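Next come the chains, spelled out residue by residue.
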Amino acid sequence: MSVKDFTQDLESFLAAFEERLRKVVKSEVEFIGLIEEDLVTAGGKRVRPRLVFLASAALGEVPHALELALAVELIHSASLLHDDLIDDAETRRGREAAFRKYGNAVSVLSGDYLLSRQMALLAQIGNLELVALCAEAARMLSEGEVLQFQVAALGEYSLANYERIIHGKTAALMQLACEGAAVLAEAPLAHREALARFGALYGQAFQMRDDYLDLMGSSEVLGKPAGGDVREGKVTRITLRLLEAYPEEVGAIFRRRGREEGDVRRLQELAQQSKAAEEVIQAIAERVEQAIGALRELPRSAARDQLEALAKRELVRLS
């Protein structure tokens, strides 16, 4: 993956990824095919495949990088199918959520189908250490999602629980994308640890930014009304800070899941006046800086620069 025109090679890799993805998820069962066309091949940011490519390019030539990118993305896509059903979501990537069109059973089983395709890819790669990494990431993802519901149900609001949730539901897969490339490359331990740390920290910043925007972002930026996490009883870093500063008022809003008119607007006002919003932005910036710092263990390259740029993007749009 060492090429003169790095940007062009990145686009070539992503084009090959999209083409191969369509083949991997193809099914002769019509409903599965329709769901996968809607969800998997409808595009998206493809952050995880980008991470696989950039980490691989930073290490040099990595065998099975494309298969790793597909495996990581299939875990992610399966989790989206399951999450939409659990969250009773209306849409996914601008389209009607799969379970609303095809029913709960079809949606869940189609997610399972994606996981079966992911296992086939891992068998093709034939690296048992990578299989163990994927299994661990899937475990953490599941535990993170369940913990999020447990916290909402029992009111176990704490920064420690929030950190566990965002690492499990988001950062674990980002870490897998980066560390998996190092495993396949048989990279030195220092390089593997650096990429694993970068993936984890970048993933945490990525989720913290999404959570911040869920409350503080405009409807134009979000493409939906703000305050979705509040309505689902999910605490984020910013609402944790508000619960601490205004336990009675914010606690009441959470107990009624932000259902009264003006609840979300009031949380936004409190976030600004208490400087909770400012504190969360600073926390995201610190996570980004730590992620970039982890990369300094790697040799300087265009790929490493691109990884740094990817992390810095989490600070560009926070309004």
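Details of the structure are given in the entry above.
These numbers were taken from a predicted model, which means no experiment stands behind them.

Peer 1: I tried to follow helix 3 (residues 47-59) on my own but got confused; where do I start?
Peer 2: Between its first and last C-alpha atoms helix 3 spans 18 Å; for 13 residues at 1.5 Å apiece the expected length is 18 Å, and the two agree. Most of helix 3 sits inside the fold, with eleven of its 13 residues counted as buried. Within helix 3 the residues assigned to the buried category are Val-47, Arg-48, Pro-49, Leu-51, Val-52, Phe-53, Leu-54, Ala-55, Ser-56, Ala-57 and Ala-58. Gly-60 sits one or two positions beyond helix 3 and adopts a positive phi of about 115 degrees.

Peer 1: Is there a simple way to think about helix 12 (residues 237-245) in this case?
Peer 2: An α-helix turns once per 3.6 residues; consequently, residues spaced three or four apart project the same way. Here helix 12 has its buried residues at Ile-238, Thr-239, Leu-240, Leu-242 and Leu-243. Looking at the buried positions of helix 12, the neighbouring elements they touch are helix 8 (159-185), helix 9 (189-216), helix 11 (228-231), helix 13 (247-255), helix 14 (263-273) and helix 15 (276-294).

Peer 1: I tried to follow the environment of Glu-73 on my own but got confused; where do I start?
Peer 2: Note on placement: Glu-73 falls in helix 4 (residues 65-87). Taking C-alpha positions, Glu-73 is 7.9 Å from Arg-46, a pair spaced 27 residues apart along the chain. Only 3.0 Å separates the side chain of Glu-73 from the side chain of Arg-46, close enough to count as a polar contact.

Peer 1: Is there a simple way to explain a nonpolar patch on the surface in this structure?
Peer 2: Taken together, Val-29, Phe-31 and Leu-34 make up a surface patch of nonpolar side chains, about 240 Å² in accessible area. Relative to the assigned elements, Leu-34 resides in helix 2 (residues 30-39).

Peer 1: Sorry, what's going on with the packing of helix 9 against helix 15 here?
Peer 2: Two packed helices can be described by the angle between their axes and the distance between those axes. Running from N to C, helix 9 and helix 15 point in directions that differ by 160 degrees, and their axes come no closer than 8 Å. By the angle between their axes, helix 9 is roughly antiparallel relative to helix 15. Crossing handedness for the pair helix 9 and helix 15: left-handed. Contact residues: helix 9 offers Ala-194, Arg-197, Phe-198, Leu-201, Tyr-202, Gln-204, Ala-205, Met-208, Arg-209, Tyr-212 and Met-216, while helix 15 offers Ala-277, Val-280, Ile-281, Ala-283, Ile-284, Arg-287, Val-288, Gln-290, Ala-291, Ile-292 and Ala-294. Taken together, the residues of the contact of helix 9 with helix 15 sort by class into 17 nonpolar, two polar and three charged.

Peer 1: Help me out: how do you make sense of the side chain of His-191 in this one?
Peer 2: Mapped onto the fold, His-191 is located in helix 9. Dropping the residues within four chain positions of it, His-191 is found in contact with Leu-59, Glu-297, Leu-298 and Pro-299.

What counts, and where the lines are drawn
- Along each chain, the written sequence defines residue order, and numbers are assigned to residues from 1.
- The predicted origin of the model limits local features to residues at a pLDDT of at least 70 and limits the giving and counting of side-chain atom pairs to 80 or more, whereas totals for whole chains, interfaces and linings rest on all residues.
- Values reported for side chains reflect all heavy atoms of the structure, with hydrogen atoms and water molecules removed beforehand.
- Secondary structure elements are defined from DSSP: runs of H or I of at least 4 residues count as helices, runs of E of at least 2 residues count as strands, and each element is numbered from the N terminus.
- Multiplying 1.5 Å by the helix residue count minus one yields the expected span of that helix.
- Whether a residue is buried, partly exposed or exposed follows from its accessible area with a 1.4 Å probe, protein chains only, as a fraction of its type maximum: under 20%, in between, or over 50%, in that order.
- When checking whether two residues touch, look at their non-hydrogen atoms; a contact exists if any pair is within 4.5 Å.
- Polar contact is defined as a pair of N or O atoms within 3.5 Å, subject to the rule that within protein one atom must be able to donate a hydrogen and the other to accept it, and that residues adjacent in sequence are counted only when both atoms are side-chain atoms.
- Think of a patch as exposed residues, more than 30% relative accessible area, with no salt bridge, where like charges cluster within 9 Å and nonpolar side chains (Val, Leu, Ile, Met, Phe, Trp, Tyr) cluster within 5 Å.
- The method behind every accessible area is Shrake-Rupley, applied with a 1.4 Å probe, and residues are considered shielded solely by the protein chains displayed.
- Only one rule defines a salt bridge in this text: a Lys or Arg side-chain nitrogen within 4 Å of an Asp or Glu carboxyl oxygen.
- Lines are fitted to the C-alpha atoms to define the axes, a helix being fitted only along its stretch in contact, and any angle between axes, read from their N-to-C directions, falls within 0 to 180 degrees.
- Note that the term roughly parallel is reserved for angles under 35 degrees, roughly antiparallel for angles over 145, roughly perpendicular for angles of 65 to 115, and oblique for everything else.
- Each helix crossing is assigned a hand: it is left-handed if the near helix lies turned anticlockwise from the far helix by less than a right angle, otherwise right-handed if that turn is clockwise.
- Residue polarity follows a fixed list, in which Ala, Val, Leu, Ile, Met, Phe, Trp, Tyr, Cys and Pro are nonpolar, Asp, Glu, Lys and Arg are charged, and the others, Gly among them, are polar.

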